[in-house]
Amino acid sequence: MNTNLKVNVLPDTEGFFGNYGGQFLDEDLKKEFKKIAEEFLKIKDDKDFNDELNYLLKHYVGRPSPIYFAKNLSEKYGAEIYLKREDLNHTGAHKINHSLGEALLAKKMGKEKIIAETGAGQHGVATATAAALMGLKCDIYMGEVDIEKEKPNVDKMRLLGANVVCVKSGKRTLKEAVDEAFCAYLKEYKTAIYAIGSVVGPHPFPMIVEHFQSVIGREAREQFLDLTDTLPDCVMACVGGGSNAIGIFRGFLDDEDVKLFGVEPLGKGEKIGENAASITYGKDGVIHGFKCKLLQDDNGNVANAYSIASGLDYPGVGPKHCYLNQIGRANYVCVTDKEALDAFFELSRVEGIIPALESSHAIAYAIKYAKENKGKKILVNLSGRGDKDVDFVLNNANL
Ligand SMILES: *Cc1c(COP(=O)(O)O)cnc(C)c1O
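> Please explain the overall build of the protein chain as it appears in this structure.
Along its length, the protein chain carries 15 helices and 14 strands. A globule of 399 residues ought to have a C-alpha radius of gyration of about 21 Å, and the protein chain, at 19 Å, matches this closely. If one aligns the C-alpha atoms of the protein chain with their principal axes, the spans along those axes are about 55 × 45 × 40 Å. Of all 399 residues assigned to the protein chain, the portion counted as buried reaches 59%. Within the protein chain, contacts between residues separated by at least 24 positions form 73% of all contacts whose residues are at least 6 apart in sequence. When the accessible surface of the protein chain is split by element, carbon and sulfur atoms take 48% of a total near 16300 Å².

> Explanation requested: the pairing of strand β6 (residues 137–143) in the structure shown.
On a regular strand, one side chain projects to one face of the sheet and the next to the other, so that they alternate. Most of β6 sits out of view: six of its seven residues are buried. Note on the crossover from strand β5 (residues 113–118) through helix α5 (residues 122–134) to β6: the handedness is right-handed. Sheet analysis places β6 next to strand β7 (residues 163–167), joined by five bridges and oriented parallel. Looking at β7, one finds that tyrosine 141 is bridged to valine 165.

> What is the right way to read the environment of leucine 186 from this model?
Structurally, leucine 186 can be placed in helix α8 (residues 174–188). Overall, leucine 186 belongs to the partly exposed group, its relative accessible area being 28%. C-alpha separation for the pair leucine 186 and leucine 29, spaced 157 residues apart in sequence, amounts to 6.7 Å. Setting aside residues no more than four positions away along its own chain, leucine 186 makes contact with Asp26, Asp28 and Leu29.

> Whenever I open this one, the layout of surface pockets confuses me. Can you help?
Remark: the empty space left among the atoms is shown by a probe the size of a water molecule rolled over them. Reported here for the second largest pocket is a volume of approximately 320 Å³. In terms of lining residues, the second largest pocket is bounded by 14 residues, among which Asp12, Thr13, Glu14, Ala37 and His203 are the most central. It is helix α1 (residues 27–43) that contributes the most residues to the lining of the second largest pocket, five residues altogether. Partitioning the lining of the second largest pocket into residue classes produces six nonpolar, three polar and five charged.

> Even after reading the chapter, I still don't get the packing of aromatic side chains, so can you show me in this structure?
How two aromatic rings sit relative to each other is given by the distance of their centres and the angle of their planes. Following the criterion strictly, the structure yields 15 aromatic pairs and no others. With 5.7 Å between their ring centres and 35 degrees between their planes, phenylalanine 33 and tyrosine 185 make a pair best called tilted. Note that phenylalanine 33 is positioned in helix α1 and tyrosine 185 in helix α8, a separation of 152 residues in sequence. Using a relative accessible area of 1% as the deciding quantity, one classes tyrosine 185 as buried.

> Help me understand the pairing of strand β14 (residues 377–382), please; the structure alone is not making it clear to me.
Among the six residues of β14, six are classified as buried, and the element is accordingly described as predominantly covered. Burial along β14 is two-sided: Lys377, Leu379 and Asn381 facing one way and Ile378, Val380 and Leu382 facing the other are all buried. The sheet contact formed by strand β4 (residues 80–85) and β14 spans six bridges and is parallel. Counterpart to glutamate 80 in the pairing with β14 is lysine 377. Relative to β14, strand β9 (residues 234–238) runs parallel, the two sharing three bridges. Its bridge partner lying in β14, valine 235 is registered against leucine 379.

> Can you help me understand helix α9 (residues 205–228) in this one?
In an α-helix, one turn spans 3.6 residues, which is why side chains three or four residues apart end up on the same side. Between its first and last C-alpha, α9 extends 35 Å over 24 residues, near the 34 Å set by a 1.5 Å rise per residue. A maximum bend of about 35 degrees is found in α9 at phenylalanine 212. Directly beyond the C-terminal end of α9, a positive phi value near 65 degrees is found at aspartate 229.

> What should I look at first to understand helix α2 (residues 47–61) in this one?
Taking 1.5 Å per residue, 15 residues should reach 21 Å; α2 reaches 20 Å between its end C-alpha atoms and fits that length. Along α2, the residues classified as buried are Phe49, Leu53, Leu56, Leu57 and Val61. Projection of α2 onto a plane perpendicular to its axis shows the buried side chains occupying an angular sector of 100 degrees, all on one side. Facing away from the buried side of α2 by more than 90 degrees, the exposed set consists of Lys47, Asp48, Tyr55, Lys58 and His59. Summarising the contacts, the buried residues of α2 are in contact with α1, α4 (95–108), α5 and α9. N-cap assignment for α2: the residue whose side-chain oxygen lies 3.2 Å from the backbone N of aspartate 48 is aspartate 46. Looking at the residues trailing α2, positive phi occurs at glycine 62, about 95 degrees.

> What's the story with the site of the ligand in this structure? I'm lost.
Around the ligand sit 18 residues in total, of which Lys95, Ser198, Gly242, Ser243 and Ser383 are the nearest. Within the side chain of lysine 95, an N or O atom sits 2.6 Å from an oxygen atom of the ligand. Between an oxygen atom of the ligand and a side-chain N or O atom of serine 243, the distance comes to 2.7 Å. For the shell around the ligand, the residue count by class is five nonpolar, eleven polar and two charged.

Criteria and cut-off values
Here, residues in each chain are numbered from 1, in the same order as that chain's written sequence. With pLDDT at 70 or above as the cut-off, local features in this predicted model cover only qualifying residues; side-chain atom pairs require 80 or more to be listed or tallied, and sums for whole chains, interfaces and linings still use all residues. The side-chain figures draw on all heavy atoms in the structure; neither hydrogens nor water molecules are used. By the criteria applied, helices consist of DSSP H or I runs no shorter than four residues and strands consist of E runs no shorter than two, each listed in order from the N terminus. The quantity called the radius of gyration is restricted to C-alpha atoms. Its globule counterpart is 2.2 Å times the number of residues to the power 0.38. Summary of the burial criterion: residues with accessible area below 20% of their type's maximum are buried, those above 50% are exposed, and those between are partly exposed, where the area comes from a 1.4 Å probe applied to protein chains only. Working rule for contacts: check all heavy atoms of both residues, and any pair within 4.5 Å makes them a contact. Working definition of accessibility: Shrake-Rupley area with a 1.4 Å probe, residue cover restricted to the visible protein chains. If the strands point away from the viewer and the path from the first strand over the helix to the second runs clockwise, then the crossover is right-handed. For two strands to pair, DSSP has to find at least two bridges joining them. Cavities and pockets are defined on a 1 Å grid built over the protein atoms alone: a cavity is a set of grid points where a 1.4 Å probe fits but cannot escape, while a pocket is an open set with protein on both sides within 12 Å along at least five of seven lines, and lining residues are those with an atom within 4 Å of any such point. Grid points are joined across faces, edges and corners, and a volume is the space filled by probe spheres set on the points. Three residue categories are used. Nonpolar comprises Ala, Val, Leu, Ile, Met, Phe, Trp, Tyr, Cys and Pro, charged comprises Asp, Glu, Lys and Arg, and polar comprises the others, including Gly. Between the rings of Phe, Tyr and Trp (Trp by its six-membered ring), a pair exists once the centres lie within 6.5 Å; its type follows the angle of the planes, with under 30 degrees stacked, over 60 edge-to-face, and the other angles tilted. By this rule, a helix spans an expected 1.5 Å times one less than how many residues it contains. At any given residue, the bend is defined as the angle formed between two axes, one fitted to the seven residues that end at that position and one fitted to the seven that begin there. Note: the arc covers the axis-to-C-beta directions of the helix. Polar contacts, as used here, are pairs of N or O atoms within 3.5 Å; protein pairs need one atom able to donate a hydrogen and one able to accept it. Residues neighboring in sequence count only if both atoms are side-chain atoms. Any residue with a heavy atom positioned within 4 Å of a molecule or strand is treated as near that molecule or strand.

Spelled out as structure tokens, the structure:
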């Protein structure tokens, strides 16, 4: 690794981080996204905007989320394991951090409506929550298959006042939901804003979502120093699109001695179609308006992504992660469904904390790493709580 490394925080003017990112879009949308980028860059350092956002993060979300020393888990596996408790946030995960930011940005830009897509419904619920709070209309695009599968989240979105739009094209899941949400946005961009669910999509969305999630890393670095007088040896987080991971990494990018691990879902195995490990098994490609490591079949078509954790099964991944991988600043590793499920039970039983299946991937890697690196200080981002997964896990525990 280059020891004088200073990682670029912002993308270049075209929206690229190294070779990745950019804007692969129609001219109309490019123009509108340029406006959003300009507005965001102005507003992100505006005192009134930040006062309002910080007030909400503290009193509405419950930040700062604590860091918890997982003593039992640490004693059992021989390293010091610390958890950044994003699971304690209002709505149960880190997604509220950027949903609130995006909704506040929409309001400041004079927009009346938020348009978003959702797969499992987590981003939909966080967006609907933020829209309710800000008094904005909210259209959530969701595949028909997902609507049937994720009824509790659909009910929550409707209860929060969102309009859930049923997408019936193609496979009727997340990819088609994004396609249709983009189309709708193209028609309504004068009065609406698009709110993406992770550090993916065309510029400026990866930059915007990363900015709003960077609060995790900022808090975590300070809290870790307070608690231990040192920095962690390594920081770990699961990677779907990569927002919770980049959020915590941001606190440590310039601390060269702190190793960063992004944990990708290996699903059922290495074969394309059986996992969602985009950095590990993907090739450079373009999806939803940006360039990234993309899971593709032999003909170069976008492959199906799969993980037991529905929040992780996206065939692409955030451009910043592709860049951090390219320059060697972060390491990307894999955890299977089975290992994640074991970690789900383990953290529940040993610490009394039921993690989201997504976050269980990071816990699984921490346990693995602890066994081989005794005495190290490991900081894990516990991105969300597992309430949403309990029924599924108990019905499928012998997977
Ligand atoms: C959505 C979700 C993820 C995956 O999204 P990232 O953008 O990769 O963070 C991870 N954990 C939880 C709890 C989620 O809801």
